[in-house]
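# Secondary and tertiary structure notes
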Amino acid sequence: MRKFASILAVVFAGQAMADTVFDDFSGDAGARWDYVADRVMGGISSGRAEIIGSGPNLRMRLTGTVSTENNGGFIQVRRRFDDPWRDGTQGLELQARGNGETYYVFLKTPNLSRVWYSYRASFSANESWQTVKLPFTRFAASHERMPQSFDPAQVTSLAIVAYGSDYNADVEVSQISLY
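The present account deals with the structure reproduced in this document. Because the structure is predicted, anything quoted here is derived from the model rather than measured.

## Observations regarding the pattern of salt bridges
One pass over the structure, following the stated rule, counts seven salt bridges. Ionic pairing is found between Arg 32 and Asp 23, a salt bridge with its closest N-O pair at 2.9 Å. For Asp 23, a relative accessible area of 3% corresponds to the buried category. Because the salt bridges share partners, they merge into one network encompassing Arg 59, Arg 61, Arg 97, Asp 170 and Glu 172.

Right under this line is the structure:
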């Protein structure tokens, strides 16, 4: 009986970890998330981020035109935070849909020496809602001069990003969870 109880505890602990919602865009989500484009560095990309829908259908939508002219190439919506993620957190899970383009999640930690450094993982956002699972082992350092790995408990910023090539961006995220 003790062994069975231990197995149940492990199963339920795993479920609790998978169900930790980081953001579902409820409450004052507009105050938590900031839109940023490459214009801050001389680029010409343009767009917008907005919270749309209501009730259980709330979601963040990032739209715009990404241009690599003038050393540009991104639009993003970013959330900074102070509360560390729980020990044992292994990755992120997004509920997302879009226009079939490739998008990114950028993570930042305080020890990065340049504002443009981040840890990055890509995903395709199809027209239908999908669950995108991004284990932290899939995130790569953006530059060789920065630490090549990171401690998830040290992450202080998460961004959904349209990046790296010329295209029209349109991606929606209804929930971000930690697992």
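More follows now that the structure is in view.
## Structural notes on the sheet that holds strand β7 (residues 102-108)
Strand order in the open sheet made by the six strands is β2-β5-β11-β7-β8-β10, with antiparallel pairing throughout. Of all the strands in the sheet, the pair left with one neighbour each is β2 (33-37) and β10 (140-141). Relative to strand β5 (residues 74-80), β2 runs antiparallel, the two being bridged by five bridges. Residue pairing for β5: Asp 34 is matched across the bridge by Arg 78.

## Considering the pairing of strand β3 (residues 46-52)
Consecutive side chains of a regular strand alternate in pointing toward one face of the sheet and then the other. Relative to strand β4 (residues 59-66), β3 runs antiparallel, the two being bridged by seven bridges. Its bridge partner being in β4, Glu 50 is matched across the sheet by Arg 61. Here β3 folds back onto β4 in antiparallel fashion, the turn holding six residues, of which Gly 53 has a positive phi close to 85°.

## Quick look at the pairing of β5
For β5, the tally of buried residues reaches six of seven residues, placing the bulk of the element in the interior. In this sheet, strand β11 (residues 157-163) lies alongside β5 in antiparallel orientation, the contact comprising seven bridges. In the strand pairing of β11, Phe 74 is matched with Tyr 163.

## What to know about the side chain of Thr 63
Structurally, the position occupied by Thr 63 is in strand β4. Those residues in contact with Thr 63 that lie beyond four places of it in its chain are Ser 46, Gly 47, Arg 48, Ile 75, Ala 169 and Asp 170.

## Quick look at the nonpolar core
Core analysis: the biggest nonpolar cluster contains 42 residues, and Leu 107 and Leu 158 have the highest contact counts within it. Among the elements that line this core, the one with the most residues is strand β12 (residues 167-178), at six residues. Within the second largest apolar cluster, five residues are counted, among which are Val 36, Phe 74, Ala 159 and Val 161.

Rules used in this analysis
Residues numbered from 1 in each chain as written. Predicted model: local features only at pLDDT ≥ 70, side-chain atom pairs only at ≥ 80, totals over all residues. Heavy atoms only, no water. Salt bridge = Lys/Arg side-chain N within 4 Å of Asp/Glu carboxyl O. Buried < 20%, exposed > 50% of the residue type's maximum accessible area, 1.4 Å probe, protein only. Pairing = 2+ DSSP bridges. Helix = DSSP H or I, 4+ residues; strand = E, 2+ residues; numbered from the N terminus. Contact = heavy atoms within 4.5 Å. Core = buried A, V, L, I, M, F, W, Y, C linked by side-chain atoms within 4.5 Å.

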